[in-house]
Each structure stands twice: as C-alpha cells, then as structure tokens.
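Summary of structural features
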Amino acid sequence: MTTARPDWIPADKLSPLDDKLGIRITDYNPDRMVATMPVEGNEQPFGLLHGGASCALMETIGSWAGAIHAGPDKQVVGIELNASYLRGATSGVVTAVCTPVRRGRTLSTFLIEITDDQGRPTATGRLTTLTKD
C-alpha cells in the first residue's frame, strides 16, 4: 500500500456485499486506487468469475474513489456503470485499478481495469458518480 485509508473513513467501513465477495481496497491513492477480490466463491456455473462480481468490484472501487474526492461531508452514489468483459478468470485473485477520467463538483468519472494474477486484462469499466450534499 502506498497510500493509507483517509482518517475520516472508519477502518470497519465495508459493505455487506463487499464482505461476501472478499473485496479489499489495498491502496487509497486518489489518482490510482487498487482493490482485490478472490475468484473462488465468485464464479458463475461454468467456473468463470461472474460478471456481476466484476461489476460489484468496479462499483466499489469507483464509488470509494468518488467519496475520497468529495470528502467526508458529501455523499457519493454511482449513476452509471459500463463494463466490458475481456477474458475469463478461473482462479486466484483479480486486481482492480481505478483512475480518474474527470473529477468534478457534481459528476466524476473513473476508469476501472481488472486484471488476473498474470496481469492479463479480464474486464474494464467506466463508473460515473454523483456527489450530493
């Protein structure tokens, strides 16, 4: 981890879905946030990482990136998620890297790239968030 969690985010602040999926943020750098998720337990019936699990990972890391940009006194919600699946992951851990495309006062957009243990891209996404007072 190069950037620690901001002090205003409680250490136990994890959604029940993130907990079930095993999502963990490993770097809170606002210009390059990183999160991981195990493939095991998050597969579809044919043994591949479920697309919905990938979307949940994208939504989680993108929403946290938006929240860190907005600060502790604002609320951030995702308003659009676009995802493309590039390669199936069947084992190990996938890693999501979230970078800002645009950070505004009201709308922010983030690019999320997910890779497998070998560094091969498995999915990409774009999340737009809305910042509310």
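Before reading on, note that the structure itself is shown above.
Residues numbered from 1 in each chain as written. Predicted model: local features only at pLDDT ≥ 70, side-chain atom pairs only at ≥ 80, totals over all residues. Heavy atoms only, no water.

**Notes on the side chain of D116**
For D116, the location among the structural elements is in the loop between β5 (107–115) and β6 (121–132). There is a polar contact of 2.8 Å between the side chain of D116 and the side chain of R120. Among residues more than four places away in sequence, those in contact with D116 are R87, V93, V94 and T122. (Helix = DSSP H or I, 4+ residues; strand = E, 2+ residues; numbered from the N terminus. Polar contact = N/O pair within 3.5 Å; in protein donor to acceptor, adjacent residues only side chain to side chain. Contact = heavy atoms within 4.5 Å.)

**Side note on helix α2 (residues 51–70)**
With 20 residues, α2 should cover 28 Å at 1.5 Å per step; its first-to-last C-alpha distance of 28 Å lies within 8% of that length. Across the 20 residues of α2, 15 count as buried, placing the element largely inside the fold. Where α2 terminates, the next one or two residues include G71, which has phi positive at roughly 95°. (Expected span 1.5 Å × (residues − 1). Buried < 20%, exposed > 50% of the residue type's maximum accessible area, 1.4 Å probe, protein only.)

**Some details on the pattern of salt bridges**
Following the criterion strictly, the structure yields five salt bridges and no others. Among the salt bridges present, the one from D133 reaches K74, with a minimum N-O distance of 2.6 Å. You can see D133 sitting in the segment after β6 and its partner K74 sitting in the loop between α2 and β3 (75–85), a full 59 residues away along the chain. A residue is classified by how much of its surface remains accessible, and D133, at 78% relative accessible area, is exposed. With its nearest N and O atoms 3.7 Å apart, the salt bridge here joins R126 to E80. Of this pair, R126 sits in strand β6 while E80 sits in strand β3, and the two are 46 residues apart along the sequence. (Salt bridge = Lys/Arg side-chain N within 4 Å of Asp/Glu carboxyl O.)

**Re the pairing of β6**
Of the strand pairs in this sheet, β3 and β6 are connected by ten bridges, and their pairing is antiparallel. Across the sheet, V77 pairs through a bridge with L130, a residue of β6. Strand direction decides the pairing type here: β5 and β6, joined by nine bridges, are antiparallel. Across the sheet, L111 pairs through a bridge with R126, a residue of β6. Hairpin geometry of β5 and β6 is characterised by an intervening segment of five residues between the two adjacent antiparallel strands and by a positive phi of about 80° at G119. (Pairing = 2+ DSSP bridges.)

**Observations concerning the sheet that holds strand β2 (residues 33–38)**
The six strands lie next to each other as β1-β2-β4-β5-β6-β3, forming an open sheet whose pairing is antiparallel. Edge positions in the sheet fall to β1 (24–27) and β3, since each has one partner strand and no second. In this sheet, adjacent strand axes meet at a mean angle of 25° when their direction is disregarded. Where β2 and strand β4 (residues 93–103) come together, six bridges link them in antiparallel fashion. By the bridge assignment for β4, M33 is matched with C98. (Axes fitted to C-alpha atoms, helices over the stretch in contact; angles between N-to-C directions.)

**A look at the pairing of β1**
Every other side chain in a regular strand lies on the same face of the sheet, so the side chains alternate between the two faces. Pairing analysis gives three bridges linking β1 to β2, with the strands arranged antiparallel. By the bridge assignment, D27 is partnered in β2 with V34. Linking β1 back to β2 in an antiparallel pair, the connection comprises five residues.

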